[in-house]
Amino acid sequence: MEGMDAYTGFAEVYDRFMMDVPYEQWRDMIVNELKKASIEDGLLLDLGCGTGTLTRMLANAGYDMIGVDGSEEMLMEAREKEDGTDILYLCQDMRQFELYGTVRAVISTCDTMNYLLTPEDFIQTVRLVNNYLDPGGLFIFDLNTLYKFRELMGNTTIAESGEDASFIWDNFFDGETGRNEYDLTLFIKREDGLFERQIEVHEEQGYSLEEVKGFLEAGGMQFVRVFDADTGDEPTDTSEKVFFIAREKGK
């Protein structure tokens, strides 16, 4: 799938360009939701963990963590940042991931689920999550909304310059299909002081809230609720990112 293994050159500069992501806010929200479900410790899976920032935060909050990501380059960065929390990182396609046993909850953030480009892939991933959850376990994940793709990202260019790395991020949104393509041009400083240009293409799929509820049901899970990632309230027509919570409902 285009985009699932696209984080190659970007992996080494990923954290630099994710400085504005509210990881602490997400951690607090996730831990609060887990504790409301009496999940105060035990094994969790971070699906699409990237360089492991949230994975480490949850480990430091008292959970035993597994991180799965489709990019070995991203996992190399995650392993280099290990801080004694003893996280197990696995390089696997999220549509086909395999664990050694069940976990109490599965977490997926940073629009990882938007990288599932078809309903079939989304439902298959939900089935796997349900299969590897303990009875009554939770699946907490976020999604970029169609509003965000259409009104804020689609057909725009984002550029950022740094001392050691810069990027140009061109977005192309297809309103008919709900597909957003990111053409990412990276300029990464080498040891000799010159900048090397790398080009990556990523794709994300936008889904309506009702579609996602249907995918959860088709994948065997029970929809619990959806809320705006910024406000924690019910989503509105202008919500840019939402969090879904679903519960394991039997195998």
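Up top you'll find the structure we're talking about.
*Asks:* I tried to follow the packing of aromatic side chains on my own but got confused; where do I start?
*Replies:* Any aromatic ring pair is given by two values, namely how distant the centres are and how the planes are angled relative to each other. As enumerated under the stated definition, the model contains 14 aromatic pairs in all. Judged by centre distance (5.8 Å) and plane angle (75 degrees), the rings of W26 and F243 are edge-to-face. Separated by 217 residues along the polypeptide, W26 in helix α1 (residues 23-36) and F243 in strand β11 (residues 241-248) bring together distant segments of the chain. Note on accessibility: W26 and F243 belong to one class, buried. Between F122 and F141, the aromatic rings sit 6.2 Å apart at their centres with planes inclined by 70 degrees, giving edge-to-face as the arrangement. With F122 in helix α4 (residues 119-131) and F141 in strand β5 (residues 133-144), this pair connects stretches of sequence that are 19 residues apart. The class for F122 is buried, based on a relative accessible area of 0%. Site record: aromatic cluster; members linked through ring pairs are F122, F139, F141, Y207, F215, F223 and F244.

*Asks:* Whenever I open this one, the layout of surface pockets confuses me. Can you help?
*Replies:* Over the atoms, a rolled probe matching the size of one water molecule traces out where space is still vacant. Of the voids in this model, the second largest pocket is the one considered here, and its volume is about 160 Å³. At the level of elements, β5 and α5 (146-153) are the ones that each hand at least two residues to the lining of the second largest pocket. Residue composition of the lining of the second largest pocket, by class: seven nonpolar, five polar and two charged.

*Asks:* Please clarify how the packing of α1 against helix α2 (residues 53-60) should be interpreted in this entry.
*Replies:* Packed helices, taken two at a time, are described by their axes: the angle between them and the distance between them. Look at α1 against α2: their axes get within 10 Å of each other, and the N-to-C directions meet at 45 degrees. On the basis of their axis angle, the class for α1 and α2 is oblique. Here the hand of the crossing between α1 and α2 comes out right-handed. Residue-level contacts link Y23, E24, R27, I30 and V31 of α1 to T53, L54, M57 and L58 of α2. Considering only residue class, the contact of α1 with α2 consists of six nonpolar, one polar and two charged.

*Asks:* Mind showing me how you'd approach unusual backbone geometry here?
*Replies:* Outside of glycine, negative phi angles account for most residues, and trans bonds account for most peptide bonds. Residues other than glycine seldom take positive phi values, yet D111 does so here, at roughly 50 degrees. Relative to the assigned elements, D111 resides in the loop between β4 (103-108) and α4. A positive phi angle, close to 60 degrees, is found at N155, a residue other than glycine. Mapped onto the secondary structure, N155 falls in the loop between α5 and β6 (157-161). N155 sits in the exposed class, given a relative accessible area of 58%.

About the thresholds
Residues numbered from 1 in each chain as written. Predicted model: local features only at pLDDT ≥ 70, side-chain atom pairs only at ≥ 80, totals over all residues. Heavy atoms only, no water. Phe/Tyr/Trp six-rings, centres within 6.5 Å; stacked < 30°, edge-to-face > 60°. Helix = DSSP H or I, 4+ residues; strand = E, 2+ residues; numbered from the N terminus. Buried < 20%, exposed > 50% of the residue type's maximum accessible area, 1.4 Å probe, protein only. 1 Å grid on protein atoms, 1.4 Å probe; cavity = no way out; pocket = protein on both sides within 12 Å on 5 of 7 lines; lining within 4 Å. Points joined across faces, edges and corners; volume = space filled by probe spheres on them. Nonpolar A, V, L, I, M, F, W, Y, C, P; charged D, E, K, R; others polar. Axes fitted to C-alpha atoms, helices over the stretch in contact; angles between N-to-C directions. Parallel < 35°, antiparallel > 145°, perpendicular 65-115°, else oblique. Left-handed = near helix turned anticlockwise from the far one by under 90°. Contact = heavy atoms within 4.5 Å.

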